[in-house]
Amino acid sequence: MSTAVLQARGVRKSFGHTEVLSGIDLDVTPGETVVVLGPSGSGKSTFLRCINLLESLDAGRITVDGRDVGYDVRNGRLHELSPNEIARRRRDIGMVFQQFNLFPHMTALENIVEAPIAVLGEGRREATARAVELLAEVGLAGREKAYPRQLSGGQQQRVAIARALAMRPKLMLFDEPTSALDPELVGEVLATMKRLASAGLTMVVVTHEISFAREAADRVVFMDAGQVVEQGTPEQVIDNPQHERTRAFLSRFL
Ligand code: ADP
Ligand code: MG
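Everything quoted here is computed from the prediction, not taken from an experiment.

Rules behind the numbers
- Residues numbered from 1 in each chain as written.
- Chains lettered and ligands numbered in written order.
- Predicted model: local features only at pLDDT ≥ 70, side-chain atom pairs only at ≥ 80, totals over all residues.
- Heavy atoms only, no water.
- Salt bridge = Lys/Arg side-chain N within 4 Å of Asp/Glu carboxyl O.
- Helix = DSSP H or I, 4+ residues; strand = E, 2+ residues; numbered from the N terminus.
- Buried < 20%, exposed > 50% of the residue type's maximum accessible area, 1.4 Å probe, protein only.
- Near = heavy atom within 4 Å.
- Polar contact = N/O pair within 3.5 Å; in protein donor to acceptor, adjacent residues only side chain to side chain.
- Areas by Shrake-Rupley, 256 points an atom, 1.4 Å probe, with all protein chains shown as cover.
- Nonpolar A, V, L, I, M, F, W, Y, C, P; charged D, E, K, R; others polar.
- UniProt positions renumbered as here; feature names shortened; annotations may be inferred.
- 1 Å grid on protein atoms, 1.4 Å probe; cavity = no way out; pocket = protein on both sides within 12 Å on 5 of 7 lines; lining within 4 Å.
- Points joined across faces, edges and corners; volume = space filled by probe spheres on them.
- Axes fitted to C-alpha atoms, helices over the stretch in contact; angles between N-to-C directions.
- Parallel < 35°, antiparallel > 145°, perpendicular 65-115°, else oblique.
- Left-handed = near helix turned anticlockwise from the far one by under 90°.
- Contact = heavy atoms within 4.5 Å.
- Phe/Tyr/Trp six-rings, centres within 6.5 Å; stacked < 30°, edge-to-face > 60°.

> Got a minute to help me understand the pattern of salt bridges in this structure?
Oppositely charged side chains can pair when the atoms bearing their charge come close. Here the structure, examined in full by the defined rule, presents 15 salt bridges. In this structure, glutamate 122 and arginine 168 form a salt bridge, with 3.4 Å as the shortest nitrogen-oxygen distance. Separated by 46 residues along the polypeptide, glutamate 122 in the loop between α3 (108–118) and α4 (124–137) and arginine 168 in the loop between α5 (153–165) and β9 (171–175) bring together distant segments of the chain. Residue classification places glutamate 122 among the buried positions, given a relative accessible area of 10%. The partner of aspartate 224 in a salt bridge is arginine 245, and the shortest N-O contact between them spans 3.4 Å. Taken together, the positions of aspartate 224 in strand β11 (residues 219–224) and arginine 245 in helix α9 (residues 244–251) put the pair 21 residues apart, joining distant regions of the chain.

Structure below.
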């Protein structure tokens, strides 16, 4: 039996008096692509931010590759991690946001090699060779020297994906990666993500792209009001939803 790459148990998070996550349980197994659907404000981004240690948990636990993301367990007790150790554990998790946030003064290649060299201590030659490969993987072979402003939004987002992959993450999180793109550029980013999913990357993808969920997801999770309302295969959740809230949400896409 393989261990889950991601295991979330009873995750709760409030901002002030508002509970945004009300006990989320989710397992993601190696190679699995999980698509999270849900209305705006349902807590999807907050959940991803908790996985990536950008938010602390009020209750519950999250492990990535079998290790608590924000705590150490010693003598059966949870101990908060030092900022250094948090940074170290965050390296296992790649994140791609709606806004690609590339460094504007660096070329595509420089954007990709920066963290592997600075954070992982890879040699420049090795990091560069890998960045060239990664650019080819995201369909941007030959664009090593392009600056972000010379690339379309879809190309910039694919550089951002390559940059995240350069850290060799065990888990990739995508938070509405195509929401900021012009409609004609969405397809190329989704196609890249589909290829990564087929290649066995372990991914959690928050998106409103129902067709992507249908074609790429091993499992679809529907979230509403800080809870997982239902989950299953794309056929189960998208074509045969069991809950009224899921049906109401999906009816907007018909
Ligand atoms: P989703 O990604 O599903 O649209 P979010 O996780 O972004 O939802 O937000 C869930 C709720 O939490 C929203 O009501 C949002 O306003 C609130 N929220 C998110 N982040 C913060 C924050 N840092 N402080 C206060 N409220 C927040
Ligand atoms: Mg969001």
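So that's the structure; there's more coming.
> Help me understand the site of ligand 1, please; the structure alone is not making it clear to me.
Near ligand 1 the following residues occur: Phe15, Val20, Pro39, Ser40, Gly41, Ser42, Gly43, Lys44, Ser45 and Thr46. Separating an oxygen atom of ligand 1 from a backbone N or O atom of glycine 43 is a distance of 3.0 Å. In isolation ligand 1 offers 560 Å² of accessible surface; the protein chains occlude 56% of this area. When residues of the shell around ligand 1 are assigned to their parent elements, the largest contribution, three residues, is made by helix α1 (residues 44–51). Grouping the constituent residues of the shell around ligand 1 by class yields three nonpolar, six polar and one charged.

> Whenever I open this one, the UniProt feature "domain: ABC transporter" (unreviewed entry) in the protein chain confuses me. Can you help?
Here the UniProt-annotated "domain: ABC transporter" (unreviewed entry) positions come out as residues 6–250. The distance separating the terminal C-alpha atoms of residues 6–250 is 26 Å; by composition the span is 37% helix and 27% strand.

> Can you help me understand the layout of surface pockets in this one?
A probe as big as a water molecule, rolled over the atoms, marks out the empty space that is left. What the largest pocket holds in volume is close to 610 Å³. In this structure, the largest pocket is lined by 24 residues; those nearest its centre are Arg90, Ile93, Gly94, Met95 and Met167. Where the lining of the largest pocket is concerned, the elements lending two or more residues are α2 (83–90), β8 (93–96), α3 and α5. When its residues are assigned to classes, the lining of the largest pocket shows 14 nonpolar, six polar and four charged. As a volume, the second largest pocket reaches approximately 190 Å³. Leu53, Ser56, Leu57, Gly70 and Tyr71 are the residues nearest the centre of the second largest pocket, which is lined by 14 residues in total. Residues that form the lining of the second largest pocket fall into these classes: seven nonpolar, three polar and four charged.

> Which parts of the structure should I look at to understand the packing of α5 against helix α6 (residues 183–198)?
Relative orientation of the contacting elements α5 and α6 amounts to 25°, with a least axis distance of 8 Å. One finds that α5 runs roughly parallel with respect to α6. Of the two elements, α5 crosses α6, and the hand of that crossing is right-handed. Here Gly153, Gly154, Gln155, Gln157, Arg158, Ile161 and Leu165 of α5 come into contact with α6, specifically with Leu185, Glu188, Val189, Thr192, Met193 and Leu196.

> Is there a simple way to explain the packing of aromatic side chains in this structure?
Any aromatic ring pair is given by two values, namely how distant the centres are and how the planes are angled relative to each other. Scanning the model with the defined rule gives two aromatic pairs in all. Between phenylalanine 222 and phenylalanine 249 the ring centres are 5.3 Å apart and the planes differ by 45°, which places this aromatic pair in the tilted class. You can see phenylalanine 222 sitting in strand β11 and its partner phenylalanine 249 sitting in helix α9, a full 27 residues away along the chain. For phenylalanine 249, a relative accessible area of 2% gives the class buried. Here a set of aromatic residues connected by ring pairs shows up, and it is made of Phe222, Phe249 and Phe253.

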